[in-house]
Amino acid sequence: MGKKSYRNFGGTFRKPKRPFEKERLDSEMKIIGEYGLKNKREVWRVNYALAKIRTAARTLLTLDEKSEQRLFQGEALLRRMVRLGLLTEAEKKLDYVLGLTTAKIMERRLQTKVFKLGLAKSIHHARVLIRQRHIRVGKQIVDVPSFLVRLDSEKHIDFALTSPFGGGRPGRVKRKRAASGKGGDAGGDDEED
């Protein structure tokens, strides 16, 4: 075993115990491809968060039904899960928290939502748009692809007001073309930043 760590902070992900397990490696690659992730760490981070949530639910389930801790903390956990859209209103039971999957969390990411709403041509394009600050949630520009979209913010995902896609000033290339007198979309490679 490695050295024991005495840090009581940090730790947003956990490396797998076995580095070269074929099934796990294949399933991770499938998730990365499907949701357009940057690296394995993004998968591990979600798995770690999920493990923490499920551990909390499991410890609460061991307590007595009427215990104060289970009532308060259980209710808070379920409220959080419903607000994030991981559980529906009908599934407000701790048993359903144990049934949460990685895919459920991945579906709630801003990157996935931007693609599913049709703002981007592909899942990878969605990531680029978010990083280049073209996407807002409500009034706030969000440039974090892993941002978990709440249920009530879902309908407020749109292009930023400053973005060329959302009616802001045109991009660098379009401005340059306009200045040189060719007009906006003259060339074949009319990619604007």
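Whatever comes next refers back to the structure up there.
Before going into details, it helps to say that this report is about the structure given with it. (Residues numbered from 1 in each chain as written. Predicted model: local features only at pLDDT ≥ 70, side-chain atom pairs only at ≥ 80, totals over all residues. Heavy atoms only, no water.)

## Digging into helix α1 (residues 22-35)
And step 1. Its 14 residues place the ends of α1 20 Å apart at the C-alpha level, agreeing with the 20 Å of an ideal helix rising 1.5 Å per residue.
And step 2. Close packing links the buried residues of α1 with α2 (40-62), α5 (102-107), α6 (110-116) and α7 (123-131).
And step 3. Downstream of α1 by a residue or two, G36 has a phi angle that is positive, lying close to 60°. (Helix = DSSP H or I, 4+ residues; strand = E, 2+ residues; numbered from the N terminus. Expected span 1.5 Å × (residues − 1). Contact = heavy atoms within 4.5 Å.)

## Regarding α2
And step 1. Counted at 1.5 Å a residue, the expected span for α2 with its 23 residues is 33 Å, and the 33 Å between its end C-alpha atoms agrees.
And step 2. Within the sequence span of α2, burial applies to E42, V43, W44, V46, Y48, L50, I53, A57 and L60.
And step 3. On the buried face of α2, the contacting elements are α1, α3 (68-83), α4 (94-98), α5 and α7. (Buried < 20%, exposed > 50% of the residue type's maximum accessible area, 1.4 Å probe, protein only.)

## Thoughts on the side chain of T112
And step 1. Looking at the element boundaries, T112 is found in helix α6.
And step 2. With near-sequence residues (within four places) excluded, T112 lies in contact with Y35, M106, E107 and I123.

## Some details on the packing of aromatic side chains
And step 1. All told, the structure shown has two aromatic pairs when counted by the stated rule.
And step 2. The interplanar angle of 25° and the centroid separation of 6.2 Å between the aromatic rings of F13 and W44 together place this pair among those described as stacked. Of the two residues, F13 is situated in the segment before α1 and W44 in helix α2; the sequence distance between them amounts to 31 residues.
And step 3. We classify F13 as partly exposed; its relative accessible area is 28%. (Phe/Tyr/Trp six-rings, centres within 6.5 Å; stacked < 30°, edge-to-face > 60°.)

## Here we look at the sheet that holds strand β3 (residues 157-159)
And step 1. The sheet built from three strands is open, its strands ordered β2-β1-β3 with antiparallel pairing. Both edges of this open sheet fall to β2 (140-141) and β3, since each of them pairs with a single strand only.
And step 2. Relative to β3, strand β1 (residues 135-137) runs antiparallel, the two being bridged by three bridges. By the bridge assignment for β3, I135 is matched with F159. (Pairing = 2+ DSSP bridges.)

## Thoughts on the nonpolar core
And step 1. In this structure, L37, L77, M81, L87, V97 and L100 are the most contacted members of the largest nonpolar core, which totals 22 residues.
And step 2. The contact partners of L100, leaving out residues within four places of it in the chain, are L50, I53, R54, M81, L86 and L87.
And step 3. Counting 13 residues, the second-largest nonpolar core is a separate cluster that includes V114, L119, I130 and F159. (Core = buried A, V, L, I, M, F, W, Y, C linked by side-chain atoms within 4.5 Å.)

## Side note on the packing of α2 against α3
And step 1. It is at 10 Å that the axes of α2 and α3 come closest, and there the two elements cross at 150°. One way to sum up the angle between α2 and α3 is to call them roughly antiparallel. For the pair α2 and α3, the crossing hand works out as left-handed. In contact with I53, A57, L60 and L61 of α2, α3 contributes Q69, R70, Q73, G74, L77 and M81.
And step 2. Here the contact of α2 with α3 is composed, by residue class, of six nonpolar, three polar and one charged. (Axes fitted to C-alpha atoms, helices over the stretch in contact; angles between N-to-C directions. Parallel < 35°, antiparallel > 145°, perpendicular 65-115°, else oblique. Left-handed = near helix turned anticlockwise from the far one by under 90°. Nonpolar A, V, L, I, M, F, W, Y, C, P; charged D, E, K, R; others polar.)

## So, the packing of α1 against α2
And step 1. In contact at an axis separation of 9 Å, α1 and α2 are set at 100° when each is read in the N-to-C sense. Accordingly, the angle class assigned to the pair α1 and α2 is roughly perpendicular. For the pair formed by α1 and α2, the contact residues are R24, L25, E28, M29, I31 and I32 on the first element and K40, V43 and W44 on the second.
And step 2. Along the lines of polarity and charge, the residues of the contact of α1 with α2 split into six nonpolar, no polar and three charged.

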